[in-house]
Amino acid sequence: MLKPKFFEQTYGQSHVLGFPFGRIVNGESADIENFPYQVSVQTTKGSHFCGGSLIDSETVLTAAHCMQSYAASELQVRVGSTSRSSGGEVVTVRAFKYHECYNSKLMINDVAIIKLSSPVRQTSKIRAIELADSEAVSGATAVVTGWGTTCFLFCSSPDTLQQVEVDLLHYKNCAADTYNYGSDSIHGLCHRGEEGRLPG
């Protein structure tokens, strides 16, 4: 689990949101040096479609729903750049695997691992995220980052990395009557946004 302060927004082609990119509503421009684990998952033609988090020098954590339409040979990852279309370094993908129990209808177990073709050298702009050693608690502040759209309707995806703060909910609270998300579907993080709870 990622540290609550650095909860990365991995939703790109989100079935939950029904839009080609996830959303970072009311976000603001971010600098990659503040979030050096953030990567852009792209086709080899340079088309960004999901975000991810560098968890070691050759491994990226992303969402399973992002990996349903591609072979590894069709993918690349841009690291070390605030822009999703230029700068930093581009590394090809050797392999990926998504959770065997991923369910696209319920959006549970929505997690995948990407293995890069070669390790990246860690710098001030490229650095693996430190993993948490405890569960996030309800009310903890998380920072969501990515290139998701900045409004709920008819917005294009920004080229510049975005960030926004959200309050996390423990899965037990998210499943409670207050939020009514359902205990059977909670297999990840939940956070409060403008429109109440959002699965994460």
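The structure presented is a predicted model; accordingly, all values stated were derived computationally and were not measured.

V39, L54, V60, V77, I114, L116 and V120 are the most contacted members of the largest nonpolar core, which totals 20 residues. Looking at this core, the elements that each hand over two or more residues are β2 (38–43), β3 (48–56), β5 (75–79), β6 (89–98) and β7 (112–116).

A full pass over the atoms with the stated rule returns three aromatic pairs. When the centroid spacing of 4.6 Å and the interplanar angle of 25 degrees are considered together, the rings of F49 and Y70 count as stacked. Of this pair, F49 sits in strand β3 while Y70 sits in the loop between β4 (59–62) and β5, placing them 21 residues apart in sequence. Look at Y98 and Y102: their rings are 6.3 Å apart centre to centre, the planes differ by 75 degrees, and that puts the pair in the edge-to-face class.

Sheet architecture is closed into a barrel: six strands sit in the order β2-β3-β4-β7-β6-β5, paired in antiparallel fashion. Ignoring strand direction, the axes of neighbouring strands in this sheet form an average angle of 40 degrees. The pairing of β3 with β4 spans three bridges and is antiparallel. Residue S53 lies in a different strand from β4, and its bridge partner there is L61.

What counts and how
Along every chain, residues carry numbers that run from 1 in the direction the sequence is written. In view of the model being predicted, local features appear only for residues whose pLDDT reaches at least 70, and side-chain atom pairs are presented and counted only at 80 or more, with totals across whole chains, interfaces and linings using the full set of residues. Only hydrogens and water are set aside; all other atoms, that is, all heavy atoms of the structure, feed into the side-chain values. Nonpolar core, defined: a set of buried Ala, Val, Leu, Ile, Met, Phe, Trp, Tyr and Cys residues in which side-chain atoms within 4.5 Å join the residues together. Buried residues are those whose accessible area, probed at 1.4 Å on protein chains only, stays under 20% of the maximum for their type, while exposed residues exceed 50% and partly exposed ones sit between those limits. Here a helix means four or more residues in a row that DSSP labels H or I, a strand means two or more in a row labelled E, and each is numbered from the N terminus. Pairing of aromatic rings covers Phe, Tyr and Trp, the last counted by its six-membered ring, and requires centre-to-centre distances within 6.5 Å; plane angles under 30 degrees mean stacked, over 60 mean edge-to-face, and any other angle means tilted. Only strands that DSSP links by at least two bridges are regarded as paired with each other. For helices, the fitted line uses only the C-alpha atoms of the stretch in contact; every axis is such a line through C-alpha atoms, and the angle between N-to-C directions lies from 0 to 180 degrees.

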